[in-house]
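Chain and residue survey
Residues per chain, in single letters:
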There are 2 protein chains.
Amino acid sequence: MTAAGEQGRPVTVADVAREVGTSPSTASRALSGRGYVAADLRERLLAAADRLGYVANASAQTLKQRTSRIVGVVVSDLGNPFYGGLAAGIEQTLREAGYRMLLVGDNSEYVEEMAAVRTFLAMRAPGVILTPVGQEATGFLIRNGIAVVEVDRQMADVAVDAVVLDNVRGARDAVGHLLGLGHRRVALLGVDTNWTSDAGRIEGYRFAHATAGITVNDGLILRLGFHEPAAEKRIARLLDEAAPTAIFATNNLLAEQAWRVLRERGLRLPRDVSLVGFDDVAWTAMVSPPITVVAQPTTDLGRRAAALLLQRIADPDRTPTVELLQPRLVVRGSSAPPPRPRR
Amino acid sequence: MTAAGEQGRPVTVADVAREVGTSPSTASRALSGRGYVAADLRERLLAAADRLGYVANASAQTLKQRTSRIVGVVVSDLGNPFYGGLAAGIEQTLREAGYRMLLVGDNSEYVEEMAAVRTFLAMRAPGVILTPVGQEATGFLIRNGIAVVEVDRQMADVAVDAVVLDNVRGARDAVGHLLGLGHRRVALLGVDTNWTSDAGRIEGYRFAHATAGITVNDGLILRLGFHEPAAEKRIARLLDEAAPTAIFATNNLLAEQAWRVLRERGLRLPRDVSLVGFDDVAWTAMVSPPITVVAQPTTDLGRRAAALLLQRIADPDRTPTVELLQPRLVVRGSSAPPPRPRR
DNA sequence: GACAAGTATGGTTACGTTCCCACACGTGGC
DNA sequence: GCCACGTGTGGGAACGTAACCATACTTGTC
């Protein structure tokens, strides 16, 4: 099928029309499937298009129709499996609906996020899915009439569709689990951002403590910058200074760093310290002991975000909704009662 | 900055020109930076563009200039960290050169690969980077005058730029290492494709045996289909039937599956069986014992591929080159002499 | 003081597609 | 025999931009 071809200039509708001896208008109707065309003529036009290797010029279509079939997606870090799964889910759903994904990574940097968003506007994308870094990007898109869905975290100062995890519950379950085991000094490793995802996880941490009637010691809370090079050093210092009996790491990267520090220190899991991570990435089930984690439905997060975006594109006047997906605490071997009961 | 705005129709060069009281031609020259414009006029035009929230219509530009600044990238599986790293490297290099990446996953399916490639042609992408599934896609693009670089594996039946790993050497080093430890029954876990990457790894496996003067027992070679659901069952059967003392898994997924089977069987690493993987993904260094692997410069692979593509776009008549990046054997705890020497 | 070369601006066209409109034909209803 | 309506076709404009061309003014050179 498809004889493709043409090494000279690309084939246009006009070429196809000429080949069959009809007008460009008719050829366009046949190829796009809109409007009246006699059955046999349509047949011959499609055959001619195939024979000549005609491929519609997407730019011309977008220009004329004032919208494209390309949805922009911005994630923080292409290398992180969390965002990989997210992207996979988004792409799958978009493709089924006849859209394509333009995926861009922004390294969690505001400037790059804005640059990406500008490109999407330039391309007249019908919609954009963001794991937002700042609140400006969303506002910019909305003001320009482009559908937006925020996923994983919410940043916008305006009402906008979003698909996020119930972070409060995830953290509450995880920390509640540790407190239930008897821990009284649970460290929290978080990211030093204003992201709602992190805020929710910290809130869940505090909530669990409140429920158990335990006062939170702020010295146990460590918030790290993004690509902070000294992360492991600071985690080590936390161990020295605050002497936690358990660590709750609020994302997969932090869990990995914490795990590494514990190993370097020769601390045994879970005998000396317990560890609970966030996000059920592959390694957590493979190390020994396997790590207790809050599992998030990563791919689903992406699928729902894409589905929501498609709805908004179809009906721009819907009132924005926020979908809250539920995490699941997976208890494995890295959490156990503390070394010896305190107080 | 940027006051963006306009909820009605998007701002065009004509709007900017009118605002300043000049012609669209002049405005276009000022905004695109090509051609003569008086300094003060340029200043005022840029200010007006910013004030009105002008964003150039990429479709119109592409249509007029007959080429876009968007490079298509097709990878097999967005969820696999290998492809994630590859994409990260590609994107980084492209962005620095003022291009954007349109990333598409094809699940290793020929049909989806062709669909993606068609989209790129429709968008008049100046170039495409493929981890090819079939040989048709590359040929199709070349015939249509689009620059192509194959990365990770080569499929094309025509001369085309490529960036690949020295798979033969990687496998030879890995298997040579095992044979040097005294193993005589080294199983190979491979993918059942016609990919050059797999072919090279099998060749390296045979080469190592030949160098050591050992005859290869074909019963030790297991080639699995892509998303083969029975993969772990078949690996287990291989253990039973061929009784290998070491396993060489030729990609990170197979290594993970092999590792899982070994654990389920209660086989100790490396006492009962040795394991060497391909591709140094995070978990291999974290499990105990850590896994000996052939490390590939994943991100570099992407960077070089992008750089090569940019060269070809700049000069379409270069003779195609193939860059061969070198792997590195990282010996860790999962490889040791076999239980007892076999003849 | 003529001429070339550089600077600066605007009018017009073309990129490839879709869509609106005008027109033409056939069929059925009154 | 007229009209309404569904079917089918082609002409032409428009989407927003950049390139080409014509034009005009300035400057420097012999």
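Right above here is the structure, for reference.
This text gives an overview of the structure that appears in the document. Since the structure is predicted, the reported quantities are computational estimates derived from the model, not experimental observations.

A few points about the overall build of chain A
- Looking only at helices and strands, chain A features 13 helices and 12 strands.
- Relative to its length of 343 residues, chain A is extended, with a C-alpha radius of gyration of 26 Å against a globular reference of 20 Å.
- Principal axes of the C-alpha set define a box for chain A whose edges measure 90 × 40 × 35 Å.

Focus on the sheet that holds strand β2 (residues 100-105) of chain B
Residue and element names in this part refer to chain B.
- With parallel pairing, the 6 strands of this open sheet are ordered in space as β2-β1-β3-β4-β5-β11. The open sheet terminates on both sides in strands that have one partner only, identified here as β2 and β11 (322-325). When the angles between neighbouring strand axes are averaged without regard to direction, this sheet yields 15°.
- Sheet topology note: the strand β4 (residues 147-151)/strand β5 (residues 161-165) ladder contains 3 bridges and is parallel. Each bridged residue has a counterpart across the sheet, and for Val149 the counterpart in β5 is Asp161.
- Here helix α5 (residues 81-96) sits on the sheet in contact with β1 (70-75), β2, β3 (127-130) and β4, set at roughly 170° to β1.

Description of the protein's contact with DNA strand D
- Residues in contact with DNA strand D amount to 30 residues; listed here are only the nearest, Ser23(A), Thr26(A), Thr12(B), Asn57(B) and Ala60(B).
- Counting only elements with at least two residues in the surface near DNA strand D, the list comes to α2 (24-32) and α4 (58-65) of chain A together with α1 (13-20), α2 (24-32) and α4 (58-65) of chain B.
- A breakdown of the residues in the surface near DNA strand D according to their chemical character gives 14 nonpolar, 12 polar and 4 charged.

Some details on the pairing of β4(B)
Residue and element names in this part refer to chain B.
- β4 sits mainly inside the fold: 5 of its 5 residues count as buried.
- In β4, alternate side chains face the same way, and those of Ala147, Val149 and Val151 on one face and Val148 and Glu150 on the other are all buried.
- Here β3 pairs with β4 via 4 bridges, running parallel. Note that in β4 the partner of Gly127 across the bridge is Ala147.

Description of the relation of the copies chain A and chain B
- The two copies are related by a screw motion: chain A maps onto chain B through a turn of 180° and a shift of 0.0 Å along the axis, at an RMSD of 0.1 Å. Taken together, the rotation and translation describe the operation of a two-fold axis.
- In this assembly the copies share their binding face: 100% of the residues contributing to the interface of chain A also contribute to that of chain B.

Some words on the interface of chain A and chain B
- At the interface, 41 residues of chain A touch 41 residues of chain B.
- Listed by contribution, the elements that provide at least two residues to the side of chain A that touches chain B are α4, α5 (81-96), β2 (100-105), α6 (110-122), α7 (136-143) and α12 (282-286) of chain A.
- The element best represented in the side of chain A that touches chain B is α5(A), accounting for 6 residues.
- When grouped by side-chain class, the residues that make up the side of chain A that touches chain B number 21 nonpolar, 13 polar and 7 charged.

Let's talk about unusual backbone geometry
- With an omega of 0°, the peptide bond between Leu269(A) and Pro270(A) qualifies as cis.
- In this chain, Ser288(B) is followed by Pro289(B) through a cis amide linkage whose omega measures -5°.
- Structurally, the position occupied by Pro289(B) is in the loop between α12 (282-286) and β10 (292-295).
- Of note, Ser108(A) is a non-glycine position whose phi angle comes to about 60°, a positive value.
- At Arg124(B), a residue that is not glycine, the phi angle is positive and equals roughly 60°.
- For Arg124(B), the location among the structural elements is in the loop between α6 (110-122) and β3.

Section: the packing of α4(A) against α4(B)
- Following both chains from N to C, one finds α4(A) and α4(B) inclined at 135°, their axes separated by 8 Å at the closest point. When the axis of α4(A) is compared with that of α4(B), the two are oblique. Two packed elements cross with a definite hand, and for α4(A) against α4(B) that hand is left-handed. Packed against α4(A), whose contacting residues are Ser59(A), Ala60(A), Thr62(A) and Leu63(A), the element α4(B) presents Ser59(B), Ala60(B), Thr62(B) and Leu63(B) at the interface.
- Taken together, the residues of the contact of α4(A) with α4(B) sort by class into 4 nonpolar, 4 polar and no charged.

Observations regarding the nonpolar core
- In terms of nonpolar packing, the biggest core is built from 122 residues, with Val71(A), Ile129(A), Val71(B) and Ile129(B) touching the most fellow members.
- Once you skip the residues sitting within four places of it in the chain, Val71(B) turns out to touch Leu94(B), Tyr99(B), Met101(B), Leu102(B), Ala125(B), Pro126(B), Gly127(B), Val128(B), Ile129(B) and Leu309(B).
- Formed by 37 residues, the second largest nonpolar core is a distinct cluster that contains Leu253(B), Leu254(B), Leu269(B) and Val276(B).

Some details on the protein's contact with DNA strand C
- The environment of DNA strand C is made up of 29 residues, and the closest members are Thr12(A), Ser28(A), Ala60(A), Ser23(B) and Thr26(B).
- The set of elements that each furnish at least two residues to the surface near DNA strand C consists of α1 (13-20), α2 and α4 of chain A together with α2 and α4 of chain B.
- Residues that form the surface near DNA strand C fall into these classes: 13 nonpolar, 12 polar and 4 charged.

Observations concerning the environment of Val293(B)
Residue and element names in this part refer to chain B.
- When you line up the elements, Val293 lands in strand β10.
- With 28 C-beta atoms packed within 10 Å, Val293 lands in the buried category.
- Linking Val293 and Gly53, residues 240 residues apart in sequence, is a C-alpha distance of 52 Å.
- When neighbours within four sequence positions are excluded, Val293 is seen to be in contact with Val276, Gly277, Phe278, Asp279, Asp280, Thr284 and Val330.

Rules used in this analysis
Residues numbered from 1 in each chain as written. Chains lettered and ligands numbered in written order. Predicted model: local features only at pLDDT ≥ 70, side-chain atom pairs only at ≥ 80, totals over all residues. Helix = DSSP H or I, 4+ residues; strand = E, 2+ residues; numbered from the N terminus. Rg over C-alpha atoms; globule rule 2.2 N^0.38 Å. Pairing = 2+ DSSP bridges. Axes fitted to C-alpha atoms, helices over the stretch in contact; angles between N-to-C directions. Contact = placed C-beta atoms within 7 Å. Near = placed C-beta within 6 Å. Nonpolar A, V, L, I, M, F, W, Y, C, P; charged D, E, K, R; others polar. Buried ≥ 20, exposed ≤ 12 C-beta atoms within 10 Å, placed from the backbone. Least-squares fit on C-alpha atoms with pLDDT ≥ 70 in both. Parallel < 35°, antiparallel > 145°, perpendicular 65-115°, else oblique. Left-handed = near helix turned anticlockwise from the far one by under 90°. Core = buried A, V, L, I, M, F, W, Y, C linked by C-beta atoms within 7 Å.

By themselves these figures say nothing about function.
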